[in-house]
Each structure stands twice: as C-alpha cells, then as structure tokens.
Amino acid sequence: MFVFECYTHKKNALVLFLGQDSINSKRRLSYEIQSVFLKNLTPELILLVYPKYLEKDIELLLSDESFNIDLKRHLNTPIFTVTFNESGHFYSKVFYDINPTANSKFDNKKLCQDLINDGFHSLMSERVSDVIVRAPSGTTFVKPSGHSLDEFIYTSQLARNNFENQFIAMALLVHAPPINNIDRIFIDTSSISAIAEALTYYIKQFTGNNCKNITYESFSSYSGLEDNVKPDNVDGSWVIISASETTQLGQRLVKDWHINPQQVVSILSHCKRLTDEDKNIGNDIIFCICLLYTSDAADERSS
C-alpha cells in the first residue's frame, strides 16, 4: 500500500493507494491501515484508490465486519472509494459518512490531478537527493543529448516497491493513447522496466480477453535515435521517457519517428505540465520537478 497525504477540494485527505491489493491480503491490509492511522493526524477525508477491475473484490473486503472496524477507526472521517479505469479516469463514491450532506461530489478530473501531483510530491520529497543528483563541484554531467548540466534526474530512484511503481503506472494511464491500439511500449532506459511491467499488467487486466501480447523494450535514449532504432508499428507504439530536462527528446521522437505527439510522454521534467489549451508537440509530462521548490504547487491545488 502506498500512503500519502493529498490536499484536494479544499480538504486534507489521506490516500490509501491499494494498487493490486485485494481481498486475498485482508489481514496485511488491515494491519497496514491501523499502522497508518496511528501515525497520522485525523484527516478530513480518507480515499481508497484501486483499479476498477478489482471493484468486486474490494466491495467484498469492505463488507467484512472486522475490516470495517479498522477502516472506520476515525469515526468522524468520511471514507470514499476511488476507482480508475484503463484511461486513468477516476470514479469516486461515498463508502462511509456520518454527515453525507456536508460532502459534495468530487470533480473527478481535478481529484485525479491533485492525487497524482501530491503522490509524486510525496515520492520526490522522501528521496529527492537520489532522484536529482548534483554533479560534484567544478564538474558537470554530459547528458545523452550531449548537453552538459549540473544535475541528472534518475527516475528509477523514484519508486522503491511494487505499490509505488503501480502508482506511477496509474498516472501514466491518464496520458496513454487508446490502449486497445498499443502493442509495444518503448522506454528510453531499462532502469524504469519495473514501471513498464506494472503498466503492461494494468493494460492486460483492463482489456481482459481482448488483450494483445503487449511488450516493452528500451530504445536507449539518444543513442537509439543515432542508431536509427524505430518501431515496426508506429501507430501501435507508446513512448515513455523517464526524464527530460526540456522535453527535447520527446519532441525529436515525434519528428524522427513520425509518431503522434499523444503517444509520447515524459515522467519527470523541469518543464510545466501541459494545460488543456497547450499544443502537444511531444512535450507532455506527468510531474514538473519545479513544483518541489516553488509556490506553483499550492497555486495549482487551490485552482
């Protein structure tokens, strides 16, 4: 279980991201929830987040009396279940609330973005020195693009367990092209293979019997471009870049591979996330690192 705090709809929420957890892990899940509640101040909301294909399993789990007692330990705190589908769209509903009229329905699109931003912020805050590595004084890193910079972004250091990889994979689904068209995922480095594994598992579970044999492979960033590595089926490809300072790699892929910009996304970048009004030219990102250091994060959450 990946646990973090999220500020959404002007309330402080405790997010319990269950990932692939289901009724088969009831005892462990109950223990983890109790441990979280002991460490956490009373939140205004509790959000249970999981993929929609586990909905029946989780509903069965929530009907268990002992599990209910653990979950409702904060007796005055409303509990919402939040499911996501193959496109990363959120669906929320009340599970427990002693005063249901006081809590209006969520704007699920805003809830999704708040949850992703704060989840990434939680991951980054805990291990920022491992993810963003500074070059020793007087030296620089030479990036795969050939540019020299004083820092290097290691997205592979962002997640440390299956739940965190599954959370990042969930965030990527929001930016995915139609998944029924995908037959291969290209990653810029094999160091994020665990994220690709979580993503292909989600896609297979969501598509069920209609699933293609989706595979993933590393195209080795700029060296792959120089070696003229290209997908056999451009329309069936989805390109995931671990990190890009300026999103230049994604923009070049759009030109060199003649791939639709909607099929390219970077996980981390110093560039700002695209708005609905921005044109995507291969510069779509999941999380802007600048939110760690500026007031933009608070401004974005309060909007």
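Look up: the structure comes first, before these words.
The structure presented is a predicted model; accordingly, all values stated were derived computationally and were not measured.

Parameters at a glance
- Residues numbered from 1 in each chain as written.
- Predicted model: local features only at pLDDT ≥ 70, side-chain atom pairs only at ≥ 80, totals over all residues.
- Heavy atoms only, no water.
- Phe/Tyr/Trp six-rings, centres within 6.5 Å; stacked < 30°, edge-to-face > 60°.
- Helix = DSSP H or I, 4+ residues; strand = E, 2+ residues; numbered from the N terminus.
- Buried < 20%, exposed > 50% of the residue type's maximum accessible area, 1.4 Å probe, protein only.
- Disulfide = S-S within 2.5 Å.
- Expected span 1.5 Å × (residues − 1).
- Pairing = 2+ DSSP bridges.
- Axes fitted to C-alpha atoms, helices over the stretch in contact; angles between N-to-C directions.
- Contact = heavy atoms within 4.5 Å.

Talk me through the packing of aromatic side chains; I want residue IDs and the actual numbers.
For the coordinates displayed, the defined rule picks out 15 aromatic pairs. Here Phe-84 and Tyr-202 contribute two aromatic rings whose centre-to-centre distance is 5.6 Å and whose plane-to-plane angle is 90°, an arrangement assigned as edge-to-face. Of this pair, Phe-84 sits in strand β4 (residues 79-84) while Tyr-202 sits in helix α7 (residues 193-207), placing them 118 residues apart in sequence. Overall, Phe-84 belongs to the buried group, its relative accessible area being 0%. Centroid distance Phe-186 to Trp-257: 5.4 Å. Interplanar angle 70°. Geometry classified as edge-to-face.

Can you explain the state of the cysteines? Please cite residues and give values.
In total, this model carries 1 disulfide according to the counting rule given. The partner cysteine of Cys-288 in its disulfide is Cys-290, sulfur to sulfur 2.4 Å. Since a negative S-S torsion denotes a left-handed disulfide, the Cys-288-Cys-290 link at about 115° is right-handed. By relative accessible area, Cys-288 is classed as buried at 4%. Residue class for Cys-290 comes out buried when judged on its relative accessible area of 17%. Counting only cysteine sulfurs, Cys-288 is the nearest neighbor of Cys-271, a cysteine outside any disulfide, at a range of 7.5 Å. Overall, the relative accessible area of 25% leaves Cys-271 in the partly exposed class.

Residue-level account of α7, with values.
Helix length check: α7, at 15 residues, gives a terminal C-alpha distance of 21 Å against a target of 21 Å (1.5 Å per residue), a fit within 8%. After α7 finishes, the residue Gly-208 shows a positive phi value of roughly 60°.

Could you give an account of the sheet that holds strand β12 (residues 237-243), with specific residues and numbers?
Within the open sheet, the 5 strands sit side by side as β11-β10-β12-β13-β14. Their pairing is parallel. In this open sheet, the two edge strands, each paired with only one partner strand, are β11 (215-218) and β14 (285-288). Between one strand axis and the next, the sheet turns by 20° as a mean value, whatever way the strands run. Where strand β10 (residues 184-187) and β12 come together, 4 bridges link them in parallel fashion. Among the inter-strand pairings, Phe-186 is bridged to a residue of β12, identified as Val-239. Contacts from α7 reach β10, β11, β12 and β13 (264-269) within the one sheet, and its direction differs from that of β10 by about 160°.

Explain the sheet that holds strand β2 (residues 11-17) residue by residue, including any values.
Strands sit in the order β1-β2-β3-β4-β5 across an open sheet of 5 strands; the sheet is mixed. The open sheet terminates on both sides in strands that have one partner only, identified here as β1 (2-8) and β5 (90-96). Mean inter-strand twist for the sheet, computed between neighbouring axes without regard to direction, equals 30°. Two elements, β4 and β5, share 6 bridges in a ladder whose sense is antiparallel. Bridging across to β5, Thr-81 finds its partner in Lys-93. Taken strand by strand, helix α4 (residues 108-126) contacts β1, β2, β3 (45-51), β4 and β5, and its axis lies near 125° from that of β1.

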